[in-house]
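Fold and contact review
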2 protein chains.
Amino acid sequence: MVKIILDAFGGDYSPNEVILGAVESVNKNPDIHIVLAGKEDEIYAQLDMLKYNEEQISVLNASEVISNNESATQAIRTKKDSSLVRAFDYAKDNDDVIGIISAGSTGAVLTGGFLKLGRLKGIHRPALCPVFPTLVGGSVCICDAGANMDCKPEYLEQFALMASAYMKILGVKKPRVAQLNVGTEDHKGDIRAKETFELLKGNKYLNFVGNMEARDVMSGEFDVVVADGFAGNVLLKSTEGAMKGILNALKEDIKSSFLSKIGAVFMKGTFDRLKAKFDYSKQGGAVLLGCKKLLVKAHGNSKAGSFVTCVEQLYAMHQGKLIDKISKSLTDAGVKGEDE
Amino acid sequence: MVKIILDAFGGDYSPNEVILGAVESVNKNPDIHIVLAGKEDEIYAQLDMLKYNEEQISVLNASEVISNNESATQAIRTKKDSSLVRAFDYAKDNDDVIGIISAGSTGAVLTGGFLKLGRLKGIHRPALCPVFPTLVGGSVCICDAGANMDCKPEYLEQFALMASAYMKILGVKKPRVAQLNVGTEDHKGDIRAKETFELLKGNKYLNFVGNMEARDVMSGEFDVVVADGFAGNVLLKSTEGAMKGILNALKEDIKSSFLSKIGAVFMKGTFDRLKAKFDYSKQGGAVLLGCKKLLVKAHGNSKAGSFVTCVEQLYAMHQGKLIDKISKSLTDAGVKGEDE
């Protein structure tokens, strides 16, 4: 049995939905043990009402909670009895723990990953890699989506290798890697993009297909989109924002018109299918690749079902030996950095 | 009467839709003279069939055309008899020309602006500023949307001032300026964003409201979003791409379902209103701010109506004395650079 730690006090619907997700996960998979980190009285109070194999869930007591509104570095350094810091410390100290899942403050989760889990040997920077749905049914990984500002080209080369290893575990045989840029031509972009282009093009361990433009991220033509964390974050958030914006505008307009309300009833099937197609909860969380243990940042608004997906995602990465494969892929490609 | 030059051989529907747009424009406004640049035989052949005051349209012959598929710098330097280069040269040499409109290759239009029109005194870099609709009915200006890579913080400060002057002419009294960033907190971002934040915050001639995230670009909370050209381009293209993507997915799904097809008939009003709300052709083109004359880059797929909007936009900027106001605003704020 392998252990996965869930930060029970991270996310908009914590701790209830985290606990429900944990119970549902162990009920589905007899090989997983989940450690719930957080205020034990509250966790036990809810667990008592639920049915599950008691050998598959344990509790790691922690009296504090890290909120979204505090400095991440400060919180990780000082709130030693918070659910998140306890989770990281426990993961670090116990070999049978394969990874951590938290829907808490992105900054704190990333800082914890950097400071507590530590980088894999030779990794310049761990990268935040969300995967999101394309318009043609597959999915695309953005790497880095905001963990690293001011990236050097050699960081981006490592991101490409790490994300390729990840997408292979998700079932993509030869992940097509593209660089986010302002145009598709080879010479486009800022200094970093130009230098990165040459590195990616020259790396025979990558299936590099060239530069891509932000508008094509959901086209299905790419499996991995490599970017500096600033631009990757803009890409991710503007895509999410525009989709939400247009759907909200649609919803608001329907409300204002009698005919449209009738139309919407007929179109329920279409709306349900689109919702399912672009359902982020089905995509699991964003993985921080390049740490010594697996770390999944779940969406802040995750409910039980999303935590179940994240547990499955983390277990799949473990079974696929993702960390070993990342190490091997960097060694093979000869792009391991010196540990700083 | 003031002169505006239209590149008759730029854009997907050139020259026909450009010529139609020119005729429609002069028929609406007796104070405008339009110079159509391009192959004169083709232009006259179409003009002969249209009704307009002949004193308001003239033709500037040019035998070549710059395509989207050639190097912009090379094209501007060598294709001296192209419609675009002729347009720039004519604008430069004639005081009564207030500006240029082209729906041709973005790269060539920008390069022409830089090399041929020249920068206003003290401007570090001219910036490409499209304006696009927000979800609440107003509009927001992205500055810079891709003309400048590797921007320095002082460039971004000038962008903020130039775009504010522009938005004032579009009727916004005290344009709210935000910086595109990975989070809303003051200390967020890469080195450039942190330094730019301090400059913008310290500039009392700006109504700076802080950092913003890409997902909120259409929220209506900001009138000007300042960004390095790389990130601004990603913001613009991913927003456009996601909106198009979701609408296409909607359209495709409706086609596949009998009930949804019926529903779509009832919802025609909603779809028409949304289409009108997010209609880029009504927004005019993207302006290159900071050159000695006005320059509007129309969307590549512009039809006659869009060219009419661009002409009105350019005329409004002229009447609002945009160039003088940009100069004055930079002088007032004491941020004019040395001419390099």
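Parameters at a glance
- Residues numbered from 1 in each chain as written.
- Chains lettered and ligands numbered in written order.
- Predicted model: local features only at pLDDT ≥ 70, side-chain atom pairs only at ≥ 80, totals over all residues.
- Heavy atoms only, no water.
- Helix = DSSP H or I, 4+ residues; strand = E, 2+ residues; numbered from the N terminus.
- Buried < 20%, exposed > 50% of the residue type's maximum accessible area, 1.4 Å probe, protein only.
- Areas by Shrake-Rupley, 256 points an atom, 1.4 Å probe, with all protein chains shown as cover.
- Lys, Arg positive; Asp, Glu negative; His and termini not counted.
- Charge placed at Lys NZ, Arg CZ, Asp CG, Glu CD.
- Least-squares fit on C-alpha atoms with pLDDT ≥ 70 in both.
- Contact = heavy atoms within 4.5 Å.
- Pairing = 2+ DSSP bridges.
- Axes fitted to C-alpha atoms, helices over the stretch in contact; angles between N-to-C directions.
- Phe/Tyr/Trp six-rings, centres within 6.5 Å; stacked < 30°, edge-to-face > 60°.
- Lys NZ or Arg CZ within 6 Å of the ring centre and 35° of its normal.
- Buried area = accessible area lost by both parts, 1.4 Å probe.
- Salt bridge = Lys/Arg side-chain N within 4 Å of Asp/Glu carboxyl O.
- Polar contact = N/O pair within 3.5 Å; in protein donor to acceptor, adjacent residues only side chain to side chain.
- Nonpolar A, V, L, I, M, F, W, Y, C, P; charged D, E, K, R; others polar.
- pLDDT = per-residue confidence, 0-100.
- Disulfide = S-S within 2.5 Å.
- Patch = residues over 30% accessible without salt bridge, like charges linked within 9 Å, V, L, I, M, F, W, Y side chains within 5 Å.
- Expected span 1.5 Å × (residues − 1).
- Parallel < 35°, antiparallel > 145°, perpendicular 65-115°, else oblique.
- Left-handed = near helix turned anticlockwise from the far one by under 90°.

Summing up its helical and strand segments, chain A has 12 helices and 12 strands in all. When the backbone C-alpha atoms are referred to their principal axes, chain A occupies close to 65 × 60 × 35 Å. Residues counted as buried form 58% of the 340 residues belonging to chain A. Entry remark: accessible area of chain A is about 14,200 Å², with carbon and sulfur atoms responsible for 50%. Distance from the positive charge centre (42 side chains) to the negative charge centre (43 side chains) of chain A: 3 Å.

The two copies are related by a screw operation: chain B maps onto chain A through 180° of rotation and 0.0 Å of translation along the axis, at an RMSD of 0.0 Å. In symmetry terms, the pair is related by a two-fold rotation axis. Of every C-alpha in chain B, the one belonging to Gly263(B) sits nearest the axis of rotation, 1.9 Å from it. In this assembly the copies share their binding face: 100% of the residues contributing to the interface of chain B also contribute to that of chain A.

Our focus in this paragraph is the environment of Gly337(B). All names here are of chain B. Structurally, Gly337 can be placed in the segment after helix 12 (322-333). Between the C-alpha atoms of Gly337 and Gln158, which are 179 residues apart in sequence, the distance is 9.4 Å. Beyond its immediate stretch of four places on either side in the chain, Gly337 contacts Gly122, His124 and Gln158.

Moving on, we get to the sheet that holds strand 6 (residues 131-133) of chain A. Strands pair in a sheet through their backbones, by hydrogen bonds, and they do so in one of two ways: parallel or antiparallel. All names here are of chain A. The mixed open sheet is built from 5 strands, whose spatial order is 6-7-10-8-9. The sheet is open, and its two edges are formed by strand 6 and strand 9 (207-213), each paired on a single side. Along the sheet, successive strands turn relative to each other by an average axial angle of 30°, direction set aside. Two strands pair when backbone bridges link them, and strand 6 and strand 7 (residues 139-143) are joined in this way by 3 bridges, in the antiparallel orientation. Bridge pairing in strand 7 places Phe132 opposite Val140. Helix 7 (residues 191-202) contacts strand 8 (176-181) and strand 9 of the sheet and is inclined by roughly 170° relative to strand 8.

As a further point, take the packing of aromatic side chains. All names here are of chain A. Tallying each qualifying case throughout the model produces 3 aromatic pairs over all chains. Relative to Phe208, the ring of Phe197 lies with its centre 5.4 Å away and its plane at 70°, an arrangement referred to as edge-to-face. Here the residue Phe197 occupies a position in helix 7, and Phe208 occupies one in strand 9, the gap between them amounting to 11 residues. It is Lys303 that lies over the ring of Tyr13; its NZ or CZ is 4.6 Å from the centre.

Attention now goes to the interface of chain B and chain A. Chain B puts 47 residues into the contact, and the matching count from chain A is 47 residues. Approximately 4,200 Å² of surface area, both sides summed, lies buried where chain B meets chain A, with 71% of it carried by carbon and sulfur atoms. When the buried surface of chain B facing chain A is broken down by residue, Phe230(B), Ile246(B) and Phe266(B) rank first, second and third, together holding 16% of it. The salt bridge partner of Arg273(B) is Asp253(A), with a shortest N-O separation of 2.8 Å. Applying the counting rule to chain B against chain A returns 13 residue pairs in polar contact (both at pLDDT 80 or more). Listed by contribution, the elements that provide at least two residues to the side of chain B that touches chain A are strand 8 (176-181), helix 7 (191-202), helix 8 (229-255), helix 9 (258-266) and helix 10 (268-277) of chain B. The leading source of residues in the side of chain B that touches chain A is helix 8 of chain B, at 20 residues. Of the residues that constitute the side of chain B that touches chain A, the class distribution is 27 nonpolar, 12 polar and 8 charged.

So, on to the confidence of the model for chain A. Residues at a pLDDT of 70 or more form 99% of chain A, whose mean pLDDT is 94. Across the whole predicted complex the pTM is 0.94, and at the interface the ipTM reaches 0.93.

Another aspect to go through is the side chain of Asp228(A). Residue and element names in this part refer to chain A. Mapping Asp228 onto the fold places it in the loop between strand 10 (224-226) and helix 8 (229-255). Taking relative accessible area as the criterion, Asp228 reaches 6% and is therefore assigned buried. At 3.5 Å, the side chain of Asp228 forms a polar contact with the backbone nitrogen of Asp150.

This paragraph deals with the sheet that holds strand 3 (residues 57-61) of chain A. Residue and element names in this part refer to chain A. Pairing is mixed in the open sheet, where 7 strands are placed in the order 3-2-1-4-12-11-5. With one partner strand each, in any of the chains shown, strand 3 and strand 5 (127-129) form the two edges of the open sheet. Each strand axis lies, on average, 25° off the axis of its neighbour in the sheet, ignoring direction. Relative to strand 3, strand 2 (residues 32-38) is paired through 5 bridges, and the arrangement is parallel. Residue pairing in the sheet places Leu36 in a bridge with Val59 of strand 3. Contacting strand 4 (97-102), strand 5, strand 11 (286-289) and strand 12 (294-297), helix 5 (residues 106-117) crosses the sheet at an angle of about 170° to strand 12. Across the face of the sheet, helix 11 (residues 304-319) comes into contact with strand 1 (2-7), strand 2, strand 4, strand 11 and strand 12 while running at roughly 150° to strand 4.

All right, on to the state of the cysteines then. Tallied over the entire structure, the rule returns 0 disulfides over all chains. As a non-bridged cysteine, Cys141(A) has Cys129(A) as the owner of its nearest cysteine sulfur, 4.4 Å distant. Here Cys141(A) falls in the buried class, since its relative accessible area comes to 0%. Free of any disulfide, Cys143(B) has its nearest cysteine sulfur in Cys129(B), 3.2 Å distant. According to the relative accessible area criterion, Cys143(B) is buried, its value standing at 0%.

What follows concerns a nonpolar patch on the surface. Taken together, the side chains of Phe266(A), Phe258(B) and Leu259(B) define a hydrophobic patch exposed on the protein surface, amounting to about 320 Å² of accessible area. Along the chain, Phe266(A) falls in helix 9 (residues 258-266). By relative accessible area, Phe266(A) is classed as partly exposed at 30%.

Quick look at unusual backbone geometry now. Note that the residue after Ser14(A), namely Pro15(A), is joined by a cis bond; omega there is 0°. Looking at the secondary structure, you find Pro15(A) in the loop between strand 1 and helix 1 (16-28).

Take helix 11 (residues 304-319) of chain B next. Residue and element names in this part refer to chain B. Between its first and last C-alpha atoms helix 11 spans 23 Å; for 16 residues at 1.5 Å apiece the expected length is 22 Å, and the two agree. Those residues of helix 11 that sit buried are Ala304, Ser306, Phe307, Val308, Thr309, Cys310, Val311, Gln313, Leu314, Tyr315 and Met317. Once helix 11 finishes, Lys321 follows within two positions and takes phi at roughly 55°, a positive value.

What follows is about helix 1 (residues 16-28) of chain B. Its 13 residues give helix 1 of chain B an end-to-end C-alpha distance of 19 Å, which sits within 8% of 18 Å, the value for a rise of 1.5 Å per residue. Along helix 1 of chain B, the residues classified as buried are Val18(B), Ile19(B), Gly21(B), Ala22(B), Val23(B), Ser25(B) and Val26(B).

Right, let's talk about the packing of helix 6 (residues 153-169) of chain B against helix 7 of chain B for a bit. Residues and elements named next belong to chain B. Two numbers describe how helix 6 lies on helix 7: the axes approach to 9 Å, and their chain directions differ by 45°. What the angle tells us is that helix 6 and helix 7 run oblique. For the element pair helix 6 and helix 7, the recorded crossing hand is right-handed. The segment helix 6 lies against helix 7, with Pro153, Glu154, Leu156, Glu157 and Ala160 engaging Arg192, Glu195, Thr196, Leu199 and Leu200.

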